[in-house]
Amino acid sequence: MRPVLRPAAWLAAAALLWPWAGWAQLAESPAADNARARIGLVLSGGGARGGAHIGVLRVLEELRVPVDVIVGTSAGSIVGAAYASGLPLPAIEEEMKGLSTGALFRDSRRADEPYRHKVDDGTNFIGPEVGVRADGLALPKGAVAGVSLEAVLRRLTRRQAHTEFDRLPVPFRAVATDLATGEMVVLSEGSLTQAVRASMAVPGAVTPVEIDGRLLVDGGLTRNLPVDLARQLGADVVIAVNVGTPLLKREEISSILSVTEQVIGILTQANVRQSLSELKDRDILITPDLGNISSANFDRLSEAAQRGEEAARAAREALSRLSLPPPVYESLMIARFQGERRMATRIDEIRVSGTDKVNPDVVRASMLTQEGDAFDSRRLDADMKRIFARGDFESVNYALIEEDGRNVLVTEVAEKPWGPNYLRFGLALSSDFKGNAYFNLLGTHRSTWLNALGAEWRTDVQVGRNDLVRTEWYQPLDTRQTFFVSGHALLQRDPLDIFSSDGQQRLVRLRRTLSGVGGDVGLTLGTAGELRLGLFRGRLRLSEDTNVLAGVTDLPKAQMGAARLQLGLDTLDNSRFPREGYAVDLSIYASHPRLGAKDRYTKAYASATKPLTLGAHTVLLSGFAGRALGDTALPDYELFSLGGFQRLSGYQTGELTGTEVGYARINYNYRLAQADLFDGAYLGISLEAGRIGESAFGSSRTSLRRGGSIYFAFDSPLGPVYLAYGHADGGRRAAYFFLGRP
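About the thresholds
Residue numbers here run from 1 along each chain, matching the order of that chain's written sequence. Local features in a predicted model are, by the rule used here, given only for residues with pLDDT of at least 70; side-chain atom pairs are given and counted only at 80 or more, and totals for whole chains, interfaces and linings are based on all residues. Side-chain numbers here rest on the full set of heavy atoms in the structure, without hydrogens or water. Burial classes follow relative accessibility: with a 1.4 Å probe on protein chains only, a residue under 20% of its type's maximum area counts as buried, one over 50% as exposed, and anything between as partly exposed. The numbering of helices and of strands both runs from the N terminus, where a helix is a DSSP run of H or I of at least 4 residues and a strand a run of E of at least 2. Here the arc refers to the directions that run from the helix axis out to each C-beta atom. The criterion for an aromatic pair is that two Phe, Tyr or Trp rings (for Trp, the six-membered ring) have centres within 6.5 Å, with stacked assigned to planes under 30 degrees apart, edge-to-face to planes over 60 apart and tilted to the rest. For a ring to carry a charge above it, either NZ of a lysine or CZ of an arginine must fall within 6 Å of the ring centroid while also lying within 35 degrees of the normal to the ring plane. Per residue, pLDDT captures the predictor's confidence, and it can take any value from 0 to 100. Every residue pair with non-hydrogen atoms within 4.5 Å of one another is taken to be in contact. Note on pairing: two strands pair once DSSP finds at least 2 bridges between them. Fitted lines through C-alpha atoms serve as axes, helices being fitted only where they are in contact, and the angles separating the N-to-C directions of these axes extend from 0 to 180 degrees. Note on terminology: angles under 35 degrees are roughly parallel, angles over 145 are roughly antiparallel, angles of 65 to 115 are roughly perpendicular, and the others are oblique. Crossing chirality is assigned from the near helix's rotation relative to the far helix, an anticlockwise turn below a right angle marking it left-handed and a clockwise turn marking it right-handed. Think of a salt bridge as a Lys or Arg side-chain nitrogen and an Asp or Glu carboxyl oxygen that are within 4 Å of each other. Put simply, a patch holds well-exposed residues, over 30% relative accessible area, that have no salt bridge, with like charges counted together within 9 Å and Val, Leu, Ile, Met, Phe, Trp or Tyr side chains within 5 Å. Where accessible areas are quoted, they stem from the Shrake-Rupley method and a 1.4 Å probe; at the residue level, only the protein chains shown are allowed to cover. UniProt positions are given in the numbering used here, feature names are shortened, and annotations may be inferred rather than shown by experiment. In these notes, a set of buried Ala, Val, Leu, Ile, Met, Phe, Trp, Tyr and Cys residues joined through side-chain atoms within 4.5 Å is what counts as a nonpolar core. Domain boundaries shown here were taken from an automatic or database domain assignment. Buried area adds together the accessible area that both of two parts lose upon being put together, with accessible area traced by a 1.4 Å probe. What qualifies as a polar contact is a pair of N or O atoms within 3.5 Å, subject to a donor-acceptor requirement within protein and to the restriction that residues adjacent in sequence count only when both atoms come from side chains.

Asks: Outline helix 14 (residues 326-336), supporting the account with residue identities and numerical values.
Replies: Taken residue by residue, helix 14 has Val328, Tyr329, Met333 and Arg336 as its buried positions. Down the axis of helix 14, the smallest arc covering the buried residues is 125 degrees, so these residues share one side. Seen from the open side of helix 14, the exposed residues pointing more than 90 degrees away from its buried face are Pro327 and Ile334.

Here you go:
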C-alpha cells in the first residue's frame, strides 16, 4: 500500500502548492512584473482628512496588496512620499501620531523669538506686518511659512536616497499647480520635502514654493485625484482613495473665508469628477466616510485613519483579488523597506545661501549646530525654527550634500520679499460699562538690516488714552548680536485720574507728559532676556485735562536726569494665556542732579509671572511692586497706580495712586476649548490683593485692599477678548470688556 500511496500523496501536495510555486517563480523571474497587473495607488488631497490614507495602507498591507506606483496630491502626497521613499507604515504612523494643527501651522515657538520681539506682545497688533516699498505696500504670500510643516516632512521622507522619484523603492509623483499659469505641475525629481510642501501649499494660507523658477501651490486646484498620472506610470489597476472635502451648504457660506473655501472646493470638485470618469471596471475607488472631520483639523488624524481603514475593509473583496501569496509579498516588502538610510555622521562645513541684505554670519551664529558636529535632524529642525523666528525670512530650510568627499550642510533661506521695511498696526479697546471707554491705536514702522550687523530703526506712534511717539536706533555690536547699543527719544502723555474718597466720582483728570532722550548699552541673554544700562535726560510735567472742582494749582514740573538699569526675562510659551515658562522684569532708576535732574532719588520696580499647568487647568501667579530705595522718598510726580481689571478688580481704572505700590494676584484658568490656530477659550477667576503708598493727592490710602474677578476670555483674529465682572472691598463692583491684554 505505501508504495502506491506515496506517489499519490506527492501529487496531492504538488496540487496544493502549485499556485504558491507559480507566484514564487513569477517573483524570481525577470518577467514577474509583466505577469501580474501593475497596481497604482492614487491618494487625493483633503488636508487633515488625508489621515484616512494611513488606514487604507494598513488594509493593503494586511491583504498583501502590492503597490507599484504612487501618485499623491496635497495631503495624499505626504503619506504617499513617505511610503514611497521606504519608510515603513508603523514609522509613518508614529511620526504623525503627535501632529496637531498648532504644531504644523505655527512656524516658530515664542521661546525662539528674540526678546525684543517678545516685548511687542504687550501690544495688540492686528493683522500681518506689511512691507513698505518704493512702489507701495506689500503683503506676505501666505499666512503660514511652513517651517514647522517642513520639519515634519523631512522626518517623513528621511529615507530618500535618490533625487529621481523613479528610483525610490516605489516610483512616486507629487502634483502641484503653477500659480502664474494655472497649469498642473508633476514633480518627479528633487527634494521630496520640497515637492510635498509645494503640493499642499493652500493658496493664501501657506506660502507658495518656488521650484525651477515656478511658483507652486496646492495641486488640488488642477488634479486632486490624479488617476491619469498613475496610468502614465504604467498602472494596469488603479486604487483611488478620495478624501476631498465636500462643498459647503448654503447656510455654511457666511464669511469671506467660507466663500474662499467654497471657490477652492468648486475648482477641486470639478477636476475630481473628471478623474472619477477615467476609472475603469478593474479599478477600485475607496471613499472614506469622514463625517465632520475638516481639512484643517489635524488633531483628528488618528480618527481619519480609522475611517480610512473601515472604508478599505468595505472594499475587501475587490482588494483581495489583487493579493499576493505571503512569501512573495514578504520578499517584496523586505526588498523595498530594507534598513534606514544612513545619514552623514559629521558635518564638515556649514553654508548659508539665499541672503542679500541679511548677513549670513549672523544666521550661522544663531545655529546650535556647528561645523564638526554629528548630524542631528532634531537639533537642525530647532535651528531652522530659531532662524525663522528672527523675523527676517519668508522660508528657511536645509540640505545635506556631499562635495569632494566632505559633508556640507547648506542652510537655505529666502528673505522676505516685502521687507526690509515694515509697517504694523495695533488696536486696544476697553470699557467698564459706566461710560468709561478707552482706546489706543498704534502704528509701528521698522527699517531693518541698515548695516551688516543688523541695525534697526523703529518708530512707534500711538493715539488714544495713552499718546506716544517713540523712536529708537538699535545697533548690535557682533555677529552673534549678543552686545548692542541703543539710542532713543520719546514723547509720552498718560492720564492721571483723581477720584473721590469713595471712588464713585472722578474729580480731576491730569495729563502726565514725559519727553526726553536716552542711550543704553546692553547684553542679550539668548532669546530669554535682555540687560540694559543707560542714561536718560528729559522733562516731566503734570497738566490739567478735565476738572469738576476748582482749578488744580501747583502741579509738579521737573527736569529728569537718571541712570537706569533694566533686566527683562521672558520664557513664557504664550503672552496672552501662558501655560509654561516665566517672566520677570526689574528696573532701577537713579535720579541725580549731576545728570540734570531736579531731585535726587532712586526708584525700583519689579514684576513677575509664573504659570503652573495640568491639562486644561492653569494657575497663574503674578505680582508687581514699586518703591523708593534708600531714605529719600519719591517725589510727587513719580506715581504708581492701582485699580481696574486684574489690577484690583472692582475698583475703577487708576483709582488709587501713590508713591509706593505692592500687588499680588492668583488666577485660575480653565481651557474650555482649544482652537486650531488660536489660543482657545477660557473661563477664569482671580483673587487679588494690593496696597498703594502715600498719595500725592487727597487722603492716605495705605491699607491692604482686596479684589477679585470672574471672566470669560477667548483668542480671536483681532486679539484676546475678555468679558469680566469684578468685586472689591466695600461692595465695589465693575463689569469690563477688553480687546487686547488687560
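Asks: Give me the packing of aromatic side chains: which residues, what numbers.
Replies: Under the definition given, this model contains 16 aromatic pairs. One aromatic cluster is present, formed by Phe577, Phe645, Tyr682, Tyr711, Tyr722, Tyr736 and Phe738 through successive ring pairs. Lying across the ring of Tyr474, Arg116 places its NZ or CZ 3.7 Å from the centre. If you follow Arg465 out to its NZ or CZ, it ends over the ring of Tyr438, 4.4 Å from the centre.

Asks: Give a description of the confidence of the model for the protein that names residues and reports values.
Replies: Averaged over the protein, the pLDDT score is 87; the fraction of residues at 70 or greater is 91%. Within the protein, no element has a lower average pLDDT than helix 1 (residues 2-28), which sits at 37, and none a higher one than strand 19 (residues 467-476), at 98.

Asks: Report on the side chain of Asn359, specifying residues and quantitative values.
Replies: Note that Asn359 resides in the loop between strand 13 (349-353) and helix 15 (360-365). Here Asn359 is in contact with Trp449, Ala452 and Thr479, once residues within four sequence places are set aside.

Asks: I'd love a proper account of the sheet that holds strand 15 (residues 406-415), names of residues and values included.
Replies: The strand order across the open sheet formed by three strands is 13-15-14, and the pairing between neighbours is mixed. The open sheet is flanked by strand 13 and strand 14 (393-403), the only strands paired with a single partner. Within the sheet, the average angular offset between the axes of one strand and its neighbour, ignoring direction, is 20 degrees. Pairing of strand 13 with strand 15, which is carried by five bridges, proceeds in the parallel orientation. The residue bridging Glu349 from the neighbouring strand is Val408, located in strand 15.

Asks: Can you break down the packing of helix 4 (residues 75-84) against helix 5 (residues 89-97) residue by residue, with the values?
Replies: To characterise two packed helices, one gives the angle between the axes of the helices and the distance between these axes. Helix 5 packs onto helix 4 with a crossing angle of 140 degrees between their chain directions and a minimal axis gap of 9 Å. By the criterion of interaxial angle, the relationship of helix 4 to helix 5 is oblique. Here helix 4 runs over helix 5; the crossing is right-handed. The residues of helix 5 that touch helix 4, namely those facing Val79, Ala82 and Tyr83, are Leu89, Ile92 and Met96.

Asks: Please give an account of the pattern of salt bridges that cites residues and values.
Replies: Following the criterion strictly, the structure yields 49 salt bridges and no others. Across the pair Asp112 and Arg109 runs a salt bridge, and its minimum N-O distance is 3.2 Å. Residue Asp383 is joined to Arg386 by a salt bridge in which the shortest nitrogen-to-oxygen separation is 2.7 Å. You can see Asp383 and its partner Arg386 sitting in helix 16 (residues 377-389), three residues apart, about one turn around the helix.

Asks: Describe a nonpolar patch on the surface, with residues and values.
Replies: A grouping of Phe433, Tyr670, Leu672, Leu683, Ile685, Ile710, Phe712, Leu723 and Tyr725 is seen on the molecular surface, where their side chains present a nonpolar patch of about 810 Å² in accessible area. Mapped onto the nonpolar patch, the elements with two or more residues apiece are strand 29 (661-673), strand 30 (681-692), strand 31 (705-716) and strand 32 (719-728). With respect to the helices, strands and loops of the structure, Leu683 is situated in strand 30.

Asks: How would you summarise the UniProt feature "active site" (unreviewed entry) in the protein if you had to cite specific residues and measurements?
Replies: When the UniProt feature table is mapped onto this chain, "active site" (unreviewed entry) is found at Ser74 and Asp218. Their sequence span is 145 residues, while the largest C-alpha to C-alpha distance among them is just 6.1 Å; these annotated residues converge on one region. Mapped onto the fold, Ser74 is located in the loop between strand 2 (69-73) and helix 4. Sequence-distant contacts of Ser74, that is, excluding residues within four places in its chain, are made with Gly45, Ser199, Met200 and Asp218.

Asks: Describe the nonpolar core, listing the residues and the values that go with them.
Replies: One finds Leu187, Ile286 and Leu319 to be the most contacted residues of the largest nonpolar core, which totals 72 residues. Non-local contacts of Leu187, meaning those with residues more than four positions away in its chain, are made with Phe165, Phe172, Arg173, Ala174, Ala176, Ala195, Ala198, Ile211 and Leu216. Leu514, Leu540, Leu648 and Ala728 belong to the second-largest nonpolar core, a separate cluster that totals 22 residues.

Asks: Give a detailed account of the domain arrangement of the protein, specifying residues and quantitative values.
Replies: The assigned domain composition of the protein is domain 1 (39-107 + 144-338), domain 2 (346-415) and domain 3 (496-739). A separation of 29 Å is found between the C-alpha centroids of domain 1 and domain 2. With 11 residues of domain 1 at the contact, the number on the domain 2 side is nine residues. Across the domain 1 to domain 2 interface the summed buried area is about 940 Å²; carbon plus sulfur atoms make up 51%. When the buried area of domain 1 at its contact with domain 2 is split by residue, Val147, Arg154 and Arg155 rank highest and sum to 49% of it. Seen at the junction of domain 1 and domain 2, the total is two salt bridges. Our count for the domain 1 to domain 2 interface comes out at four residue pairs in polar contact (both at pLDDT 80 or more). Top contributing element to the side of domain 1 that touches domain 2 by residue count: helix 8 (residues 147-156), with six residues.

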